[in-house]
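Coordinate inspection notes
Residue strings, one per chain:
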Amino acid sequence: DVKVTQSSRYLVKRTGEKVFLECVQDMDHENMFWYRQDPGLGLRLIYFSYDVKMKEKGDIPEGYSVSREKKERFSLILESASTNQTSMYLCASHASYEQYFGPGTRLTVT
Amino acid sequence: AQKVTQAQTEISVVEKEDVTLDCVYETRDTTYYLFWYKQPPSGELVFLIRRNSFDEQNEISGRYSWNFQKSTSSFNFTITASQVVDSAVYFCALSEALDKFYFGSGTKLNVKP
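The present account deals with the structure reproduced in this document. (Residues numbered from 1 in each chain as written. Chains lettered and ligands numbered in written order. Predicted model: local features only at pLDDT ≥ 70, side-chain atom pairs only at ≥ 80, totals over all residues. Heavy atoms only, no water.)

The next thing to look at is the overall build of chain A. Tallying secondary structure elements over chain A gives 0 helices and 11 strands in all. Helices and strands appear in chain A in the N-to-C order β-β-β-β-β-β-β-β-β-β-β. For chain A, the C-alpha atoms occupy an extent of roughly 40 × 25 × 25 Å along the three principal directions. Looking at chain A as a whole, 51% of its 110 residues are labelled buried. (Helix = DSSP H or I, 4+ residues; strand = E, 2+ residues; numbered from the N terminus. Buried < 20%, exposed > 50% of the residue type's maximum accessible area, 1.4 Å probe, protein only.)

Below is the structure:
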């Protein structure tokens, strides 16, 4: 089974902190994605990566950056967390026409 | 512009009722892929089905069925004889080049015993 893991299920950070969300997949997938999920808005794509060191902006990249130094790991970085970044963050990897999702990280910024 | 619209925000049914979740999509590409995902209360999205634009054949999997109609740009999902375990948020998604996936806002299904 494909497994996508995320470093934390719940995270509480203060405004202005630098936040790292880690995602690891174990199936050698090329493509990886970061989404945020907010009530009534569905999943919105923040960034995606189709290869090591490659990244593409999604629909809402402002306030975020990403890093992909190894194929299995895709990190989402909040350079200076703000309260409007309180959300559920979902990582996914993709192969064979479907995406596999991690369990999500619920981030609260106070 | 919204590429995937799920107009039903929340639906409540009683167990054993049939329920249809609507999905309308928008794309100019001739090749595209449509998906349904289930997100149970635990939070992890579970893949249910994928359809490509060249395959309009409807699909049935147990109590689940999907109706793909290109003429109306719709990809609706029906659960027959619903069960409490079907309670979840269901997302419809579209991908054109399999690089980006566009998700609808989701439909929360409540199945009451």
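Further remarks concern unusual backbone geometry. Unlike most non-glycine residues, Asp28(A) shows phi in positive territory, near 60 degrees. As for its position among the elements, Asp28(A) is in the loop between β3 (19-25) and β4 (31-38). Located in the positive-phi region is Ser73(B), a residue other than glycine, with phi close to 50 degrees. Locating Ser73(B) in the fold gives a position in the loop between β8 (64-69) and β9 (74-79). The class for Ser73(B) is partly exposed, based on a relative accessible area of 24%.

With that out of the way, let us pick up the packing of aromatic side chains. Applying the stated rule across the entire model yields 21 aromatic pairs over all chains. Summarising the aromatic geometry, the rings of Phe101(A) and Phe103(B) are spaced 6.0 Å apart at their centres and angled 80 degrees between planes, so their arrangement reads as edge-to-face. One end of the pair, Phe101(A), is in strand β10 (residues 98-101); the other, Phe103(B), is in strand β11 (residues 101-103), on a second chain. Neither residue differs from the other here; Phe101(A) and Phe103(B) are each classed as buried. A network of ring pairs unites the aromatic residues Phe33(A), Tyr35(A), Phe48(A), Phe101(A), Phe35(B), Tyr37(B), Phe47(B), Phe91(B), Phe101(B) and Phe103(B) as a single cluster. Here the guanidinium or amino end of Lys3(B) rests over the ring plane of Tyr102(B), the centre of that ring lying 5.2 Å away. (Phe/Tyr/Trp six-rings, centres within 6.5 Å; stacked < 30°, edge-to-face > 60°. Lys NZ or Arg CZ within 6 Å of the ring centre and 35° of its normal.)

Attention now moves to the layout of surface pockets. Of the voids in this model, the largest pocket is the one considered here, and its volume is about 560 Å³. Along the walls of the largest pocket sit 24 residues, with Gln37(A), Pro39(A), Arg106(A), Gln39(B) and Val89(B) positioned nearest its centre. Where the lining of the largest pocket is concerned, the elements lending two or more residues are β4 and β9 (87-95) of chain A together with β10 (88-95) and β12 (107-112) of chain B. Residue contributions to the lining of the largest pocket peak at 3 residues, all from β10(B). Along the lines of polarity and charge, the residues of the lining of the largest pocket split into 8 nonpolar, 11 polar and 5 charged. Counted as a void, the second largest pocket has a volume near 200 Å³. Contributing elements (two or more residues each) for the lining of the second largest pocket: β5 (42-49) of chain A together with β11 of chain B. Among the residues making up the lining of the second largest pocket, the classes are represented as 8 nonpolar, 1 polar and 3 charged. (1 Å grid on protein atoms, 1.4 Å probe; cavity = no way out; pocket = protein on both sides within 12 Å on 5 of 7 lines; lining within 4 Å. Points joined across faces, edges and corners; volume = space filled by probe spheres on them. Nonpolar A, V, L, I, M, F, W, Y, C, P; charged D, E, K, R; others polar.)

We now examine the pairing of strand β11 (residues 105-109) of chain A. Residue and element names in this part refer to chain A. Only one face of β11 is buried: it carries Thr105, Leu107 and Val109, and the other face, with Arg106 and Thr108, is open. Of the pairings in the sheet, the one linking strand β2 (residues 10-13) to β11 comprises 4 bridges and is parallel in character. Bridge pairing links tyrosine 10 to arginine 106 in β11. Note: β9 against β11, 3 bridges, orientation antiparallel. Paired with tyrosine 89 across the two strands is threonine 105, which belongs to β11. (Pairing = 2+ DSSP bridges.)

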